[in-house]
Structure formats: C-alpha cells, structure tokens
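Listed below, chain by chain, are the residues.
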Amino acid sequence: MTSPDTVFNQLCRFLDDPCTGWSLGTFGAIAEFSRDNDEQISSQQQKNVAEMLTPLGGIRIIPHADIRLLPYESLSKLENAWSQGVVACLPSAAARMASNRVITDLGKDDDPLANATGNTDERFFDLGLGVAHVDFCVRTSEPTLIDILKQQTGHTLLGEDDTALTAIRKISPTRVFRSRLGRIEVYQKIPSNTPTPGGPHTHLMVDLLAHDRTHAANIPVPDGWLPCLATYPPNPVRTTDGDLHPFDREAFDQFQQLIQQFAAPELAEIKHQV
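Note that the coordinates shown come from a computational prediction; the quantities given were computed from them, not determined experimentally.

## Observations concerning the side chain of arginine 68
Here arginine 68 is to be found in strand β6 (residues 68-75). With residues up to four places along the chain from it excluded, the contact list for arginine 68 reads Met1, Val87, Ala88, Cys89, Pro222, Trp225 and Ala264.

## Description of the environment of asparagine 37
With respect to the helices and strands, the residue asparagine 37 is situated in the loop between β2 (29-33) and β3 (42-46). Note: C-alpha distance between asparagine 37 and cysteine 19 (18 residues apart in sequence) is 7.5 Å.

## Digging into the sheet that holds β2
Judged by pairing direction, the sheet is antiparallel, and its 6 strands sit side by side in the order β6-β7-β14-β1-β2-β13 without closing on themselves. Looking at the sheet topology across the chains shown, the edges are occupied by β6 and β13 (201-204). When the angles between neighbouring strand axes are averaged without regard to direction, this sheet yields 25°. Bridge count for β6 against strand β7 (residues 82-91) is 8 bridges, and the pairing is antiparallel. When the sheet's bridge partners are listed, serine 74 is paired in β7 with serine 83. Along the sheet face, helix α6 (residues 249-262) touches β6 and β7 and points at about 130° away from the line of β6.

Quick notes on the rules
Residues numbered from 1 in each chain as written. Predicted model: local features only at pLDDT ≥ 70, side-chain atom pairs only at ≥ 80, totals over all residues. Heavy atoms only, no water. Helix = DSSP H or I, 4+ residues; strand = E, 2+ residues; numbered from the N terminus. Contact = heavy atoms within 4.5 Å. Pairing = 2+ DSSP bridges. Axes fitted to C-alpha atoms, helices over the stretch in contact; angles between N-to-C directions.

See the structure below:
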C-alpha cells in the first residue's frame, strides 16, 4: 500500500488545482468545495494539515497513517462518456466519528478553519444524522437559530417536527461537514427553489439518506473501509457541469497514472488488459 506521506502529498497537489473539486459526506448528505481559477483564496500547507478558503467556503485535508486512495471510473448515462473520482478511505474503526442521532449542542467550535471568520457569539451544533464516518454540523451566531437548536437539542432533525430544518434553510448558517480526513465549511447561502449554485454548497436529500448507505453503489469502496473524503480531477470528456467536451488526452493520461499508482493491483491490471 502507498505510504501515507505520498497520499497526503497527492491530495495537496489536487488542492492546488482549481479544476479539481471535492466532496465530504454520505449518500444523501454532502458538502462540496470548488473554486474558480481567478477566485480570491487563502491557503496554508504544513506537514499535518492543508487548508484553502474562498469567500464562499473552505476545505481542510488531514493526513492519517491508515489513509488509502481509491481512484475509480464508472459508467455514465451519456454515450461515449464516463464518470471518475478519487476516494480517500480509512478502515471502519479508524473512520468513526461521534455518530450522534439527535441534535447536540457542542458549545464552541474548537477547530475551525484557520482563517474562517468567526466571533465569540457563535454556537456549534451537531445535527445528529447518525452517520458513522461524518459529523454534520452548523455554526451560527444568529440568536433566533441558536434558540431553536437549543430547544430542539435531543430531538431528531428529520422527525415530524421540522422546526430546526426549516430555520436552517431560512437562515443559512455555516455548514460544517467533518471526518477523520478533513473538513468542508460552506458559507454560501442555501438556495431557495433555485438551481444548485456554483462553488461551495451542501445537499441534504432525505429520500437518499433513508437508504442508509455510506456511498453510491458504483463507487468501489472495499468491505471494512469507509469513504472520508473525495476529490474529482478533471474528466477527459466531461465538464464540471457534466456536459461533454472534446477528448483531453492529458487529463486522461494523468488519471490513468493515478490508477496505476493507487488503485488495487488487480483493478490496474484489468484496466491495462482492456
């Protein structure tokens, strides 16, 4: 298996590429981070952490001794196209987070992104989605939302009483999704009956959460492992919006190198034979 330092360095190279997107979450609840090439950013990279912030959100990457990268390719509904990505995984025991199943008042966020704007009035709440490998939280200084979340502490976010969920959608607090391999913070407002915005944003799809899956079925995460961070290098035939574009040989070759270096040997061999 590839060394943890090699994996972390590869993730940092992805972070430097504005054409590479990111996600952190589970099947039905996910935070995404992306940026434009000319967008204002602040970043830092050290041996034990890498971070990047834009005005709309930020990401942190955390190294881990047991980290494993899994590049994958999957079929697409579009003719002559495919999907691809790279999942950073940990063994199930190492990936475990708080797994709260009810709204939980965490007090202050003691580990925000380094340059994130905050104040002493902010409060941090775990939304209690009960997912093993990801904590889904919000951070806010809005008194109305703080009062509602305190009142709903000990209750489920997705129960019959949707007071907390409605308030979150209306007020748009900072959404914080975190795992053992990273954190994504989203400052962009939650859209109301409009298309998904560009840049950092979050999705909460209750019908998909009900399937109780850690990831989509076409992502080949091995048994005993959990996906704790994902990244999406440029696709050779598709734009970031999913549309087709002329074949990009350089992007194709770069992803094949990832498969050779990080994929399971049997997958790389099958790919080579094909």
